[in-house]
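Breakdown of the fold
Each chain, letter by letter, is given below.
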Amino acid sequence: MADEQEVRVRFTTRQAAIACGDAVLGLPSSAEPAQLCDVVNKLLSRSGSRALALEFLWAGKLVQTSLLKHAALHGASLEKVADIEYFVSAPAPSYGGAAPTENDEWLAALCGAPGGGVLAGSYGGGVYGENGATLAENAHDGAVTCVAASAGLVATGGKDAAVRCWRARAAGPLAPCFAGDAHGHAVDSVCVAGDVVASGDWGGMVFLWRPGASGDEPAPKRARTDAAAAAGPVLTHKAHAQCVSGLAHAAGRLWTVGWDRAAKVFDLATLDPVHSANASVALTCVAHAEALGVAAAGAHDGSVRLYDARCAPAAAMARVLRNHKHRAVGAVAWSPAGDHRLASCAQDGRVNVWDVRGDAPLAALDAPDLSKCLGLAWTEAGLFVGGDDPRVHKFNV
């Protein structure tokens, strides 16, 4: 267009090996990321198979539109020199398949396993590995609704209102080490923080437990009545008015989210409240990125909300990401690389991979035979998802 505005751009990078100098260039305001990538590759004398796939940041936000639209969306000035940072894109995710399994029920929850691999909780009451192997055949009397692990300790919660803890072995099944039956409602969330296990239930209660190191098999539920006090929680707190649907820990803090539309932070040692923020919709899951100081919470309307507890409650919800089809988000997981990437899965059958500095997902993934995604785990081995199919599906990321 003849009257198109020119934007003065200076490209910068933190990757010294691909720096292209600090010259100020004049680019059309209609330039989009593909055109920016072409310009940088030309400055680097890279073409064909040597050309780099690049992402761009301007004013701290990922450039996913034209420069003109980006400036309007994020308040960047077109009158000043635009310092646009670039970096090499992560490889595009690809489907890695699903292993045969000994499980024949839906998978409700996934987590990374100590020492690598993935643990999956089944609606049939068992816990399975990503390769389909049975790790705990009858972990709960009914669905395993949540699973978490850290440093060799595994915790599960179920519809039977029970919390179970296990020691991970180098090979073979999990070794049971603790049973807690103090919850009065189904357990919907667990997390492991060192030697402390936190659990949340449908009645809005959060319990803290300190599992022992015993490897003895717990007695049947009906026979544990007298032992419940000895294996009881060390702290309890009415955290939410409704179901505690997600728990995450970071730096001595416990994040909780619930169906009462609240995201809260508690002191992990005392369960004293530290922070609280409200949403406009029920929240379904949460994960914290310690490197960023931000928590991501999935919501019942298909959105993912980013919270920063360092801000005042009214300003704590920093961003809202949307690309699920108004279906409840089942799980969120941050990249193990400690960068800005986040994965979310929902009951629309989709897995989205985000750079949380952008507005649109980097990739929208679909797994064969999955129409509802309920659980998600992101480890160094890949991105794993489960739902209304007995198998754990893998994406290479």
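Structural notes, computed from the coordinates. (Residues numbered from 1 in each chain as written. Predicted model: local features only at pLDDT ≥ 70, side-chain atom pairs only at ≥ 80, totals over all residues. Heavy atoms only, no water.)

Within the protein chain, the secondary structure is distributed over 2 helices and 33 strands. Whereas a compact globule of 397 residues would reach a radius of gyration of roughly 21 Å, the protein chain reaches 23 Å, a difference of no more than 12%. Taking the principal axes of its C-alpha atoms as reference, the protein chain extends roughly 80 × 45 × 35 Å. Of all 397 residues assigned to the protein chain, the portion counted as buried reaches 51%. (Helix = DSSP H or I, 4+ residues; strand = E, 2+ residues; numbered from the N terminus. Rg over C-alpha atoms; globule rule 2.2 N^0.38 Å. Buried < 20%, exposed > 50% of the residue type's maximum accessible area, 1.4 Å probe, protein only.)

Below, the discussion takes up the side chain of H183. The residue H183 is located in the loop between β14 (175-180) and β15 (187-193) in this model. Overall, the relative accessible area of 6% leaves H183 in the buried class. A polar contact of 2.7 Å, which involves the side chain of H183, links it to the side chain of S199. Separated by 2.7 Å, the side chains of H183 and D201 make a polar contact. Beyond its immediate sequence surroundings of up to four residues, H183 is in contact with A161, V163, S199, G200, D201, M205, F207 and W209. (Polar contact = N/O pair within 3.5 Å; in protein donor to acceptor, adjacent residues only side chain to side chain. Contact = heavy atoms within 4.5 Å.)

Pairing is mixed in the open sheet, where 5 strands are placed in the order β2-β1-β5-β3-β4. At either end of the open sheet lies a strand with only one pairing partner, and these are β2 (24-28) and β4 (61-62). The sheet contact formed by strand β3 (residues 54-58) and β4 spans 2 bridges and is antiparallel. In the sheet register, L57 faces β4, and the bridge partner there is L62. Its contacts with the sheet put helix α1 (residues 33-43) on β1 (6-12), β2, β3 and β5 (82-88), and the angle it makes with β3 is roughly 110 degrees. (Pairing = 2+ DSSP bridges. Axes fitted to C-alpha atoms, helices over the stretch in contact; angles between N-to-C directions.)

Along the chain, G349 turns up in the loop between β28 (341-346) and β29 (350-355). Once the C-alpha coordinates of G349 and D388 are considered, the two residues, 39 residues apart in sequence, prove to be 9.2 Å apart. With residues near it in sequence (within four places) discarded, G349 still touches L365, D366, L370, S371, K372 and C373.

With the rule as written, the count across this model stands at 13 salt bridges. Between E85 and R14 there is a salt bridge; the shortest N-O distance is 3.2 Å. One end of the pair, E85, is in strand β5; the other, R14, is in the loop between β1 and β2, and 71 residues separate them in sequence. Where D267 meets R253, a salt bridge forms, and the shortest distance between an N and an O atom there is 3.6 Å. Remark: R253 occurs in strand β20 (residues 253-258) and D267 occurs in strand β21 (residues 262-267); sequence separation between them is 14 residues. Its relative accessible area of 21% is what places D267 among the partly exposed residues. The class for R253 is partly exposed, based on a relative accessible area of 33%. Through salt bridges with shared partners, a single ionic network connects D301, R305 and R322. (Salt bridge = Lys/Arg side-chain N within 4 Å of Asp/Glu carboxyl O.)

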